[in-house]
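If you want the building blocks of each chain, they are given just below.
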Amino acid sequence: MEEQAKETIEKRSWNLDWDEYFMALAFLSAQRSKDPKTQVGACIVNKDNRIVGMGYNGMPNYCKDEDFPWEKGQTAEDNKHLYVCHAELNAVVNKIQADVKGCRMFVTLFPCNECAKIIIQSGIEEVIYNEMPDIQEGEKKQEKEESRKAAQKMFGYNNNVTLTPYKPERGTVFKIERQDPECRAEIRL
Ligand SMILES: [Zn+2]
């Protein structure tokens, strides 16, 4: 009897690579944010590609979302910037190991100057960011540009932290759609 040809099963070739995986997780974390305008996510990984911290922008612990502003007003009563903890800060303080020295941070948006300080002080060695902030004309334009420049200056000083724009080899695009309120978020790659 003739032996039947064995069917060869090949491994999947379209699995996520590490960087795609971590950036996708940063995007997913951002979806936890209640900020109506900007949702940012961050994911810290160590040299063994283990996830050691995740974060998104939100109000501090015990500060109820209903009692704090989500606007960009001028006074303390209506200015979210005085209260919101950025994704990078939350990812660092949420760490599950003693420190994050030598780690990489994946973040959906380039860090502000305040987060740059936290990243440098925590010993993170590389920041992989998906996009630079889209700074529009307006009263906060100068402030935002100064923040970005200060962050770049601190990161770049003595090559403190390597800045890597996220450029997936396969052109992976992260798009999170929630088509109807009953549906859970869907990630398309
Ligand atoms: Zn920040």
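Residues numbered from 1 in each chain as written. Predicted model: local features only at pLDDT ≥ 70, side-chain atom pairs only at ≥ 80, totals over all residues.

Caption draft 1: Expanded view of helix 4 (residues 141-156). The first and last C-alpha atoms of helix 4 sit 22 Å apart over 16 residues, in line with the 22 Å expected at 1.5 Å per residue. When we look at burial in helix 4, the residues that qualify are Ser147, Ala151 and Phe155. End-on view of helix 4: buried residues confined to an arc of 60°, all on one side of the axis. Opposite the packed face of helix 4, turned more than 90 degrees from it, sit the exposed residues Lys141, Gln142, Glu145, Glu146, Lys149, Lys153 and Gly156. Those residues of helix 4 that are buried are in contact with helix 3 (113-122), strand 4 (126-131) and strand 5 (162-165). Backbone geometry just after helix 4 places Asn158 at a positive phi near 55°. (Helix = DSSP H or I, 4+ residues; strand = E, 2+ residues; numbered from the N terminus. Expected span 1.5 Å × (residues − 1). Buried ≥ 20, exposed ≤ 12 C-beta atoms within 10 Å, placed from the backbone. Arc of directions from axis to C-beta. Contact = placed C-beta atoms within 7 Å.)

Caption draft 2: Spatial organisation of the packing of helix 3 against helix 4. Two elements in contact, helix 3 and helix 4, have axes separated by 8 Å at closest approach and are oriented at 20°. Relative to helix 4, the element helix 3 lies roughly parallel. Crossing of helix 3 against helix 4: the hand is right-handed. From helix 3, Asn113, Ala116, Lys117 and Ile120 reach across to helix 4, where they touch Ser147, Ala150, Ala151, Met154 and Phe155. Class assignment of the residues belonging to the contact of helix 3 with helix 4 gives a composition of six nonpolar, two polar and one charged. (Axes fitted to C-alpha atoms, helices over the stretch in contact; angles between N-to-C directions. Parallel < 35°, antiparallel > 145°, perpendicular 65-115°, else oblique. Left-handed = near helix turned anticlockwise from the far one by under 90°. Nonpolar A, V, L, I, M, F, W, Y, C, P; charged D, E, K, R; others polar.)

Caption draft 3: Molecular detail of helix 1 (residues 18-30). Counted at 1.5 Å a residue, the expected span for helix 1 with its 13 residues is 18 Å, and the 19 Å between its end C-alpha atoms agrees. Within the sequence span of helix 1, burial applies to Phe22, Met23, Ala26, Phe27, Ser29 and Ala30. Taken end-on, helix 1 shows its buried residues confined to a sector of 160°, consistent with a single buried face.

Caption draft 4: Examining the sheet that holds strand 1 (residues 41-45) more closely. The five strands lie next to each other as 2-1-3-4-5, forming an open sheet whose pairing is mixed. Taken across any chain shown, the strands that pair with only one partner, and hence form the sheet edges, are strand 2 (51-56) and strand 5. Adjacent strand axes in the sheet meet at a mean angle of 15°, parallel and antiparallel pairs treated alike. Pairing of strand 1 with strand 3 (residues 104-109), which is carried by four bridges, proceeds in the antiparallel orientation. Bridged to Val45 within strand 3 is Arg104. The strands touched by helix 1 within the sheet are strand 1, strand 2, strand 3 and strand 4, with strand 1 carrying the most contacts at an inclination of about 140°. (Pairing = 2+ DSSP bridges.)

Caption draft 5: Structural view of unusual backbone geometry. At Asn49, a position not held by glycine, the phi torsion is positive, near 60°. We note that Asn158 has phi near 55°; this positive angle belongs to a residue other than glycine. Here Asn158 is to be found in the loop between helix 4 and strand 5. Its 6 C-beta neighbours within 10 Å are what place Asn158 among the exposed residues.

Caption draft 6: Just the nonpolar core, in detail. Ranked by size, the top nonpolar core spans 34 residues in total, and within it Ala42, Met105 and Val107 carry the most contacts. Those elements that provide at least two residues to this core are helix 1, strand 1, strand 2, helix 2 (87-93), strand 3, helix 3, strand 4 and helix 4. Top contributing element to this core by residue count: helix 1, with five residues. With sequence-adjacent residues up to four places away left out, Ala42 is seen in contact with Ala26, Ser29, Gly55, Ala87, Glu88, Ala91, Met105, Phe106 and Val107. (Core = buried A, V, L, I, M, F, W, Y, C linked by C-beta atoms within 7 Å.)

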